[in-house]
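# Results of the structural survey
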Amino acid sequence: MRARTALLVLLTVGVVGVAAWLVFFSPVLGVRSVEIVGNLTVPQDRVKEKAAVPALHPLATVDLDEVEARVLTLPQLATAKADRVWPGTLRIQVTERRPVASLPVGGRAALIDGHGVVIEVRDLAPAWLPVLKVDRPAAGDPATMAALKVVQDLPRSLSGKVRQVRATTAEGVSLELTDGRTVFWGGAERGEEKARILARVLGRKADLYDVSSPDVVTLK
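Since we're looking at a predicted model, the values are computed, not measured.

Glancing now at the pattern of salt bridges. Using the criterion set out here, one finds 12 salt bridges in the structure. A salt bridge links Glu120 to Arg122, with the nearest nitrogen and oxygen atoms 3.3 Å apart. By relative accessible area, Glu120 is classed as partly exposed at 30%. Measuring nitrogen to oxygen at the nearest pair gives 2.9 Å for the salt bridge that ties Arg181 to Asp179.

Glancing now at the side chain of Glu68. Along the chain, Glu68 falls in helix H3 (residues 64–71). Buried Glu68, no salt bridge; nearest opposite-charge side chain is Lys81, N-O distance 4.5 Å. With residues near it in sequence (within four places) discarded, Glu68 still touches Ala80, Lys81 and Ala82.

This part takes up helix H4 (residues 142–153). Over its 12 residues, H4 runs 16 Å from end to end, which matches the ideal 16 Å to within 8%, given 1.5 Å per residue. For H4, the complete set of buried residues consists of Ala143, Thr144, Ala146, Ala147, Leu148, Val150 and Val151. Among the structural elements, strand E4 (99–105), strand E5 (108–113), strand E7 (131–134), strand E8 (162–167), strand E9 (173–177) and strand E10 (182–186) are those in contact with the buried residues of H4.

A separate point is the environment of Ile92. Structurally, Ile92 can be placed in strand E3 (residues 89–96). On the basis of relative accessibility, which here comes to 1%, the residue Ile92 falls in the buried class. Distance in space between the C-alpha atoms of Ile92 and Val34 is 7.5 Å, their sequence separation being 58 residues. Leaving out residues up to four positions away in the same chain, Ile92 has contacts with Val34, Glu35, Ile36, Val37, Ala51, Val67, Val71, Lys81 and Ala82.

Now for the pairing of E4. Most of E4 sits inside the fold, with five of its seven residues counted as buried. In terms of strand pairing, E4 meets E5 through six bridges, oriented antiparallel. Across the sheet, Ser102 pairs through a bridge with Leu111, a residue of E5. Linking E4 back to E5 in an antiparallel pair, the connection comprises two residues, with Gly106 at a positive phi of about 55°.

Criteria and thresholds
Residues numbered from 1 in each chain as written. Predicted model: local features only at pLDDT ≥ 70, side-chain atom pairs only at ≥ 80, totals over all residues. Heavy atoms only, no water. Salt bridge = Lys/Arg side-chain N within 4 Å of Asp/Glu carboxyl O. Buried < 20%, exposed > 50% of the residue type's maximum accessible area, 1.4 Å probe, protein only. Helix = DSSP H or I, 4+ residues; strand = E, 2+ residues; numbered from the N terminus. Lys, Arg positive; Asp, Glu negative; His and termini not counted. Contact = heavy atoms within 4.5 Å. Expected span 1.5 Å × (residues − 1). Pairing = 2+ DSSP bridges.

See the structure below:
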């Protein structure tokens, strides 16, 4: 009886050992494919290169946090989430940053997102992006962040009419429209209300539209 019990124990230990070896050390359950989901403009091969997971590396021992950190060194990406999909796929879900304005830099154009992060630098910015004009452009700079917030909050019917967004302070945001007219927006608060009022008064002829205080709108 004791011999039988000992044999069962040995068999159990052996099975567990083999299973552990298959999962944690063997290429049998290794990474056979890396699946990238959510990318629109960033090539899959670029994301895979940053993930830097060797083929057939045991899927169970892939450090998902490290993979995500490496992938997020790509400035075009805002988020990255890595998951194991058994038996042999590493899936990386990414979210790309969306440019909301361009910033002139040394004769070129830096595309920046709503958090003030530079996504990329091009020779020419897309025509639909407004140009950002601030004294100290930087993520966290109050004037920069206010200007970007205003641009993000504009409805599509108005955003396409904005050629330039300028901010002297966080409360001094103004918009230059494609037809040359100027809108003094003020601070980023009450954006929806200001946009609604601006859409209504743009039909009236003026050079300057002051919607900084939605309760008292001024046209000049």
